[in-house]
Amino acid sequence: MQMQKEVHLTGKDLTQMVQLRPQDVGKYAIVPGPKDRLEVLMKKIENPVKNFSFMEYTMYTGTFEGIKVTAINGGRFSTDTSITTEVMCNAGIPNIIRVGTCGSLDENIAIGDLVIVDKVIRGDGVTPYYVDKDFQTVPDKKISDTLYEVAKAMGVTIHRCTTWTTDALLRETREIVEAKRKEGAMAVDMVSSTLLTIAQTYNIKAASILAVSDNVITGEMGFMNPMYYMAESNLIKIALETVKKLEGKS
């Protein structure tokens, strides 16, 4: 017997499983990776309603200054990010903002700086199942521009650059890193390629803003650095103010 269905489990199937409907979600989704960052975000959201809790992922929808906003801990890696992104896209959320972390591939991009992803180099294992190697993953320009404008107005140090997404955290070798730098990468993460590519296949607008947690070039690790934690806090403020600005409320 051949496989009976064209695709065993789809994003639409998952969205139905968690009983999520378009009327249940906001016009904007803000997507941190871990639960602790989601908890910080939820303190800013008014009257949140839990949409679902499935495996380790939880989605809420509430309002921020009268604007309906959805939030979910979207995952730390490409594989779990693909699942949550599929659910958001199939629920019809039209605008997605990823707030995450990255490593710097430039000695002049410091721990605690912020990065907006302008272009991605896909090194993840998920997106080859969605698009061919010549596909150009493009973040939404309006959301990216607005994130940048808000961050600059706040006085934080922010860069716009190409980001390489990898699944192999412990194989960021000198040989591979230098090859990616020659391709133009100035930062590295484990999510942006997957989220942005899947959103693009659904014609969903998406952008990614990241806090620099370590510097791969200098070898500096910043997970205990106060500048990194300040940058994490700024990510959420910037994302929320970006939503306001996109709605003409700032």
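In what follows, the structure referred to is the one given above.
Residues numbered from 1 in each chain as written. Predicted model: local features only at pLDDT ≥ 70, side-chain atom pairs only at ≥ 80, totals over all residues. Heavy atoms only, no water.

Visitor: Help me out: how do you make sense of the overall build of the chain in this one?
Guide: Scanning the chain from N- to C-terminus turns up seven helices and nine strands. Against the compact-globule benchmark of 18 Å for 250 residues, the chain has a radius of gyration of 17 Å, which places it among compact chains. Taking the principal axes of the C-alpha coordinates as reference, the chain spans close to 55 × 50 × 30 Å. Across the chain, every contact between residues at least 6 apart in sequence was considered, and the portion connecting residues at least 24 apart equals 76%. Summing over all exposed atoms, the chain offers an accessible surface of approximately 12300 Å²; the carbon and sulfur share of this is 52%. (Helix = DSSP H or I, 4+ residues; strand = E, 2+ residues; numbered from the N terminus. Rg over C-alpha atoms; globule rule 2.2 N^0.38 Å. Contact = heavy atoms within 4.5 Å. Areas by Shrake-Rupley, 256 points an atom, 1.4 Å probe, with all protein chains shown as cover.)

Visitor: Hey, could you run me through unusual backbone geometry in this one?
Guide: Peptide bonds are trans in most cases, and residues, glycine excluded, mostly fall at negative phi. One non-glycine residue, Gln19, lies in positive phi territory at about 55°. Within the secondary structure, Gln19 sits in the loop between helix H1 (11–17) and strand E1 (28–32). Notably, Glu65 is not glycine yet its phi reads approximately 50°, a positive angle. In this structure, Glu65 sits in the loop between strand E3 (57–64) and strand E4 (67–72).

Visitor: Whenever I open this one, the packing of aromatic side chains confuses me. Can you help?
Guide: Counting across every chain of the model gives two aromatic pairs. Every member of this aromatic cluster is reached through a ring pair, and the members are Phe223, Tyr228 and Tyr229. Cation over ring: Arg160 sits above Tyr148, and NZ or CZ is 5.4 Å from the ring centre. (Phe/Tyr/Trp six-rings, centres within 6.5 Å; stacked < 30°, edge-to-face > 60°. Lys NZ or Arg CZ within 6 Å of the ring centre and 35° of its normal.)

Visitor: Please clarify how the pairing of strand E2 (residues 46–54) should be interpreted in this entry.
Guide: Side-chain positions along a regular strand alternate between the two faces of the sheet. Sheet topology note: the E2/E3 ladder contains six bridges and is antiparallel. Paired with Val49 across the two strands is Thr61, which belongs to E3. (Pairing = 2+ DSSP bridges.)

Visitor: I tried to follow the pattern of salt bridges on my own but got confused; where do I start?
Guide: Two side chains with opposite charge may pair up if their charged atoms get near one another. Counted according to the given criterion, the structure contains 13 salt bridges. With a shortest N-O distance of 2.9 Å, Asp24 and Arg21 are connected by a salt bridge. Exposure remark for Arg21: the relative accessible area of 44% places this residue in the partly exposed category. Here Glu149 ties to Lys245 by a salt bridge, and the two come within 3.1 Å at their closest N and O atoms. Here Lys245 lies in helix H7 (residues 226–246) and Glu149 lies in helix H4 (residues 141–154), a separation of 96 residues in the sequence. Three or more residues are tied together by salt bridges with common partners; here these are Asp118, Lys141, Asp145 and Arg160. (Salt bridge = Lys/Arg side-chain N within 4 Å of Asp/Glu carboxyl O. Buried < 20%, exposed > 50% of the residue type's maximum accessible area, 1.4 Å probe, protein only.)

Visitor: When you look at the environment of Ile93 in this model, what are you seeing that I'm missing?
Guide: With respect to the helices and strands, Ile93 occurs in the loop between helix H3 (78–90) and strand E5 (95–104). The buried category is assigned to Ile93, whose relative accessible area is 0%. In this structure the C-alpha to C-alpha distance between Ile93 and Leu14, which are 79 residues apart in sequence, comes to 15 Å.

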